[in-house]
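Structural overview for review
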Amino acid sequence: MGIMEIIGIAGSVSLLAGWRLYLSIFATGLAMRLGAIPLPEHLQSLDVLANPWVMGIAGIAALAEFSADKVMWLDSAWDAIHTFVRPIGGALLALAIVDPSDPATQVIAFLLGGGAALTAHAGKAGARGVVNASPEPVSNIAVSTAEDVASVGLLYLAYEYPYVAGAIALVLLALMIWLIILARRVLKRVFAPRRPPDAPPRG
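This structure is a prediction, so every number in the text was calculated from the model and none was measured. (Residues numbered from 1 in each chain as written. Predicted model: local features only at pLDDT ≥ 70, side-chain atom pairs only at ≥ 80, totals over all residues. Heavy atoms only, no water.)

Next up on the list: the overall build of the chain. Within the chain one finds eight helices and zero strands. Looking at the chain alone, contacts between residues at least 24 apart form 75% of all its contacts between residues at least 6 apart. Surface accessibility of the chain: about 11,300 Å² in total, with carbon and sulfur atoms responsible for 74%. (Helix = DSSP H or I, 4+ residues; strand = E, 2+ residues; numbered from the N terminus. Contact = heavy atoms within 4.5 Å. Areas by Shrake-Rupley, 256 points an atom, 1.4 Å probe, with all protein chains shown as cover.)

This is how it looks when you write it as structure tokens:
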């Protein structure tokens, strides 16, 4: 496996951890346990994710996140709590993927993995804030379900086809940046103070 493929996998997994950290951990461990993801020897350090205790804790947390993410405003509170958890989780996942014999690469992976997860988290939280501004709950559930499906699908693609993992990471990064910019504009427009209408001229 080439360095670019390794960087692509690390970037994809880190970005997805910014969306669904616990689901990313559980899905990866489950796929490894079932043999659906035959990781190469270089990535065998990820075997810890297939540990029953790790999978059990990640599964319970994923169910809690799945439920909380479908409730308006509770999802934003959950995102706020995980502002520090998801970047650290993404950084550790990236750290487990890169070559352990190269300290410089590990430091770079840890920093970039944390930054990627934080970017994805910010994009998700910002987009969810915009969706929560809508009074009906259907859009919130639909967006959350789409995130669940996309996280599992993209995680599978990243591991099954390492040569496209870099492209997946770049697309996700561009999407997150766009969501951050969009959320900033929409929220600024929603919460901007409205100017009172001009008084009619007196005759």
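For the rest of this paragraph, the subject is the packing of helix α2 (residues 21-33) against helix α3 (residues 52-68). In the contact formed by α2 and α3, the axes pass within 8 Å of each other and the chain directions differ by 140°. By the angle class used here, α2 and α3 are oblique. The interaxial crossing formed by α2 with α3 has left-handed handedness. For the pair α2 and α3, the contacting residues are Leu21, Tyr22, Leu23, Ile25, Phe26, Gly29, Leu30 and Arg33 in the first and Pro52, Val54, Met55, Ala58, Gly59, Ala61, Ala62 and Glu65 in the second. (Axes fitted to C-alpha atoms, helices over the stretch in contact; angles between N-to-C directions. Parallel < 35°, antiparallel > 145°, perpendicular 65-115°, else oblique. Left-handed = near helix turned anticlockwise from the far one by under 90°.)

Below, the discussion takes up the packing of aromatic side chains. The tally for this structure, following the rule as stated, stands at zero aromatic pairs. In this structure, lysine 70 packs its charged tip against the face of phenylalanine 66, placed 3.6 Å from the ring centre. (Phe/Tyr/Trp six-rings, centres within 6.5 Å; stacked < 30°, edge-to-face > 60°. Lys NZ or Arg CZ within 6 Å of the ring centre and 35° of its normal.)

Of the voids in this model, the largest pocket is the one considered here, and its volume is about 430 Å³. Together, 20 residues line the largest pocket, and Ile7, Gly8, Ala10, Gly11 and Leu112 are the ones closest to its centre. Taken together, the elements giving at least two residues each to the lining of the largest pocket come down to α1 (3-19), α6 (103-132) and α8 (165-191). Looking at which element gives the most residues to the lining of the largest pocket, the answer is α1, with eight residues. Of the voids in this model, the second largest pocket is the one considered here, and its volume is about 150 Å³. (1 Å grid on protein atoms, 1.4 Å probe; cavity = no way out; pocket = protein on both sides within 12 Å on 5 of 7 lines; lining within 4 Å. Points joined across faces, edges and corners; volume = space filled by probe spheres on them.)

With that settled, consider α2. For α2, spanning 13 residues, the distance from its first C-alpha to its last is 18 Å, which sits close to the expected 18 Å at 1.5 Å a residue. For α2, a buried count of 10 out of 13 residues is recorded, marking the element as mostly surrounded by other parts of the structure. Looking at α2, one finds that the buried residues are Leu21, Tyr22, Leu23, Ser24, Ile25, Ala27, Thr28, Gly29, Ala31 and Met32. (Expected span 1.5 Å × (residues − 1). Buried < 20%, exposed > 50% of the residue type's maximum accessible area, 1.4 Å probe, protein only.)

Take the pattern of salt bridges next. Close approach of charged atoms allows side chains with opposite charge to pair. Overall, the coordinates contain eight salt bridges when judged by the stated rule. Between aspartate 69 and arginine 20 there is a salt bridge whose closest N-O contact spans 2.7 Å. Of this pair, aspartate 69 sits in the loop between α3 and α4 (74-81) while arginine 20 is found in the loop between α1 and α2, placing the two residues 49 residues apart along the sequence. For the pair formed by aspartate 69 and arginine 20, the shared burial category is buried. Residue glutamate 65 pairs with arginine 86 through a salt bridge whose shortest N-O separation is 2.6 Å. (Salt bridge = Lys/Arg side-chain N within 4 Å of Asp/Glu carboxyl O.)

With that settled, consider the nonpolar core. By size, the foremost hydrophobic cluster in this structure holds 38 residues, and its most contacted members are Val13, Ile97 and Tyr159. Elements that contribute at least two residues to this core include exactly α1, α2, α3, α5 (85-97), α6, α7 (138-160) and α8. Top contributing element to this core by residue count: α1, with eight residues. (Core = buried A, V, L, I, M, F, W, Y, C linked by side-chain atoms within 4.5 Å.)

On the secondary structure map, leucine 182 appears in helix α8. Considered as a pair, leucine 182 and alanine 127 are 55 residues apart in the sequence and their alpha carbons are 7.8 Å apart.

Take α7 next. Compared with an ideal rise of 1.5 Å per residue, which puts 23 residues at 33 Å, α7 spans 33 Å between its outermost C-alpha atoms and is within 8% of the ideal. The set of residues buried in α7 consists of Asn140, Ser144, Glu147, Asp148, Ser151, Leu155, Ala158 and Tyr159.

Predicted confidence across the chain gives a mean pLDDT of 78, with 82% of residues reaching 70 or more. Here α8 stands out as the element of the chain with the lowest mean pLDDT, 74, in contrast to α3, whose mean of 91 is the highest. (pLDDT = per-residue confidence, 0-100.)

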